[in-house]
Amino acid sequence: MAQIVKAWRQNRSDDFNQAYADAYAPMLSALDSAQQDVAEYMADTTPDVMQSLGSKNIGSGEFAFDTSRLIGWAGNGQNTFVNLWSSVLLGKQSVANGNSLNMALSTIENSLALRSRTVLADTARTSSMMAAKAHSFTAHYVRMLTPPSCGRCAILAGIPSGKKAFERHPHCDCVAAWSTDESALAKHYANATDYLNSLSSEDLAKTLGSQANAQAWHDGADLNQLVNAYRKSGNVRPAQLYGRSIKYTSEGTTKHGWAYSRMKQAGYVKGHVEYGSKYWRADRPRLMPESIYQIAGSDHAQAMRLLNNYGWL
């Protein structure tokens, strides 16, 4: 690393590239070794996992595959050197944008860690897929959580995937669990309710966004409603309304939204405001559970009524 910094500071591009390439050698070797270990482990254990999850007629395998063919390649088809080298380009761009050397190196470090984890996750998924299909071509897989998991992943736990692997956000460590019986998979291996029930109060609040959201979930709030409120379109934010500080979201308040329907039935919707180029939404904010519990105070019946009226239950 010292040679890399020296070459960078002296603006010797060729020396920098060579220094980083030399520094990459042990990193790539370690990544190759980790890929090999992961690929072999998934190939060896996938049939046993399938058996334990209710798969039937698991034989010795219709074909064998060479796990070494996965080594040195990322899930997007790039070789691992090119894939990791993109981290260096991000660092260079950071410097070009006027950031400090330390910030650029931090950018490279974070990107390398993220890309390495993604490479290993892709290797594990591909190896497990090959092993599963070798033993049963009709095998399917579902999204399995690797705790701790975020709310976005929790609501997708147990969802079957088709021919294409499920999408993952940055730093997502969800994996695929295989079986010939999708219902057995969803029941025994990946269930959002089971996962949330296993969490402490603090971890549940972190997963769902707040202590109030955790309380709302215990009171019967729909998990998808709670998590989706934090999507970009939901735009959770504070405001001053009727002399009170509140938190609200616009998620579900368009004319075809679930919350809109409930709010209209409760008489909260007085009109509509334009939302984008094609949609209209309610002219009243959708209160977040945090504000609902504050308004209701110790009156649990009122809290439940408000949770229902704002489309959380």
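Please refer to the structure placed before this passage.
Small disclaimer: the values here were computed from a predicted structure and weren't measured. (Residues numbered from 1 in each chain as written. Predicted model: local features only at pLDDT ≥ 70, side-chain atom pairs only at ≥ 80, totals over all residues. Heavy atoms only, no water.)

**Some thoughts on helix H12 (residues 289–296)**
Alright, step 1. Turning to H12, its buried residues are Pro-289, Ser-291, Ile-292, Tyr-293 and Ala-296.
Alright, step 2. If you follow the buried residues of H12, they end up packed against helix H9 (211–218), helix H10 (223–228), strand E5 (244–249), strand E8 (286–287) and helix H13 (300–309).
Alright, step 3. Gly-297 sits one or two residues past H12 and shows a positive phi near 60 degrees. (Buried < 20%, exposed > 50% of the residue type's maximum accessible area, 1.4 Å probe, protein only. Helix = DSSP H or I, 4+ residues; strand = E, 2+ residues; numbered from the N terminus. Contact = heavy atoms within 4.5 Å.)

**Here we look at the pattern of salt bridges**
Alright, step 1. Enumeration over the complete set of coordinates arrives at 2 salt bridges.
Alright, step 2. Between Asp-122 and Arg-125 there is a salt bridge, with its nearest N and O atoms 2.7 Å apart. Of this pair, Asp-122 and Arg-125 both sit in helix H4 (residues 101–135), 3 residues apart, which is roughly one turn of the helix. The same class applies to Asp-122 and to Arg-125, which are both buried.
Alright, step 3. Here Lys-247 makes a salt bridge to Glu-290, at a shortest N to O gap of 3.7 Å. With Lys-247 in strand E5 and Glu-290 in helix H12, this pair connects stretches of sequence that are 43 residues apart.
Alright, step 4. Overall, the relative accessible area of 27% leaves Glu-290 in the partly exposed class. (Salt bridge = Lys/Arg side-chain N within 4 Å of Asp/Glu carboxyl O.)

**So, the packing of helix H8 (residues 201–208) against H9**
Alright, step 1. The interhelical angle for the contact between H8 and H9, taken along N-to-C directions, is 100 degrees, at an axis separation of 7 Å. Judged by the angle between their axes, H8 and H9 are roughly perpendicular. Of H9, the residues touching H8 (which contributes Ser-201, Glu-202, Leu-204, Ala-205 and Leu-208) are Gln-211, Asn-213, Ala-214, Trp-217 and His-218. (Axes fitted to C-alpha atoms, helices over the stretch in contact; angles between N-to-C directions. Parallel < 35°, antiparallel > 145°, perpendicular 65-115°, else oblique.)

**Focus on empty space enclosed by the protein**
Alright, step 1. A full pass over the atoms with the stated rule returns 1 cavity of 30 Å³ or more.
Alright, step 2. There is about 50 Å³ of room inside the largest cavity.
Alright, step 3. Met-42, Ala-121, Ala-124, Arg-125, Ser-128, Phe-166, Cys-174, Val-175 and Ala-176 are the residues that line the largest cavity.
Alright, step 4. Where the lining of the largest cavity is concerned, the elements lending two or more residues are H4 and strand E3 (175–179).
Alright, step 5. The element that contributes the greatest number of residues to the lining of the largest cavity is H4, accounting for 4 residues. (1 Å grid on protein atoms, 1.4 Å probe; cavity = no way out; pocket = protein on both sides within 12 Å on 5 of 7 lines; lining within 4 Å. Points joined across faces, edges and corners; volume = space filled by probe spheres on them.)

**Re the side chain of Thr-46**
Alright, step 1. Locating Thr-46 in the fold gives a position in helix H2 (residues 13–52).
Alright, step 2. In this structure the side chain of Thr-46 is engaged in a polar contact, spanning 2.5 Å, whose partner is the backbone oxygen of Met-42. (Polar contact = N/O pair within 3.5 Å; in protein donor to acceptor, adjacent residues only side chain to side chain.)

**Here we look at the packing of aromatic side chains**
Alright, step 1. Inspection of the entire model under this criterion finds 2 aromatic pairs.
Alright, step 2. Ring geometry for Phe-81 against Trp-85: centres 5.7 Å apart, planes inclined by 15 degrees, an arrangement best described as stacked. Residue Phe-81 and its partner Trp-85 are located together in helix H3 (residues 80–96), separated by 4 residues, close to a single helical turn.
Alright, step 3. Looking at Phe-81, the relative accessible area reads 31%, which means it is partly exposed. (Phe/Tyr/Trp six-rings, centres within 6.5 Å; stacked < 30°, edge-to-face > 60°.)

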